[in-house]
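# Working through the structure, step by step
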Amino acid sequence: MIDNNRKNSAARIKANAKYAAKTYKKKTIYVKLKDSEQIDAYMSKNDLTYTQFFNACLREKNIID
């Protein structure tokens, strides 16, 4: 039975998880709390996600295209 309050069906959720698992690799970083607050403030001000911010930094350093 499909929950009408859910945006995606169980099959769609499973398909998305399968795609993400083969396409992306999760990495965890540790950031000091005071630094995290500054980073969060910067990203809120510039309307960025952590992934967008990280990828922009990698492009700036010419590590990725």
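Placed above this text is the structure.
Residues numbered from 1 in each chain as written. Predicted model: local features only at pLDDT ≥ 70, side-chain atom pairs only at ≥ 80, totals over all residues. Heavy atoms only, no water.

### Here we look at the overall build of the chain
Helices and strands together make up the secondary structure of the chain, namely three helices and zero strands. The C-alpha atoms of the chain give 17 Å as radius of gyration, which overshoots the globular expectation for 65 residues (11 Å, by more than 25%). With respect to the three principal axes, the spread of C-alpha positions in the chain is 45 × 25 × 20 Å. For the chain, the proportion of its 65 residues judged to be buried stands at 3%. Only carbon and sulfur atoms are counted for the fraction: they give 54% of the accessible area of the chain, which is about 6,900 Å². The averaged location of the 7 negative side-chain charges in the chain is 11 Å from the averaged location of its 14 positive side-chain charges. (Helix = DSSP H or I, 4+ residues; strand = E, 2+ residues; numbered from the N terminus. Rg over C-alpha atoms; globule rule 2.2 N^0.38 Å. Buried < 20%, exposed > 50% of the residue type's maximum accessible area, 1.4 Å probe, protein only. Areas by Shrake-Rupley, 256 points an atom, 1.4 Å probe, with all protein chains shown as cover. Lys, Arg positive; Asp, Glu negative; His and termini not counted. Charge placed at Lys NZ, Arg CZ, Asp CG, Glu CD.)

### A few points about the environment of Asp65
Here Asp65 is to be found in the segment after helix 3 (50-60). When the C-alpha positions of Asp65 and Asn55 are compared, they lie 9.4 Å apart, and in sequence the two are ten residues distant.

### Comments concerning the layout of surface pockets
By volume, the largest pocket is sized at about 430 Å³. Together, 14 residues line the largest pocket, and Lys27, Ile29, Tyr50, Thr51 and Phe54 are the ones closest to its centre. Its residues placed into classes, the lining of the largest pocket shows eight nonpolar, three polar and three charged. (1 Å grid on protein atoms, 1.4 Å probe; cavity = no way out; pocket = protein on both sides within 12 Å on 5 of 7 lines; lining within 4 Å. Points joined across faces, edges and corners; volume = space filled by probe spheres on them. Nonpolar A, V, L, I, M, F, W, Y, C, P; charged D, E, K, R; others polar.)

### Brief notes about helix 2 (residues 33-46)
Counted at 1.5 Å a residue, the expected span for helix 2 with its 14 residues is 20 Å, and the 20 Å between its end C-alpha atoms agrees. Asp47 sits one or two positions beyond helix 2 and adopts a positive phi of about 55 degrees. (Expected span 1.5 Å × (residues − 1).)

### Examining unusual backbone geometry
Positive phi outside glycine occurs at Asp47, with the angle close to 55 degrees. Of note, Asn62 is a non-glycine position whose phi angle comes to about 60 degrees, a positive value. In this structure, Asn62 sits in the segment after helix 3. What makes Asn62 exposed here is its relative accessible area of 68%.

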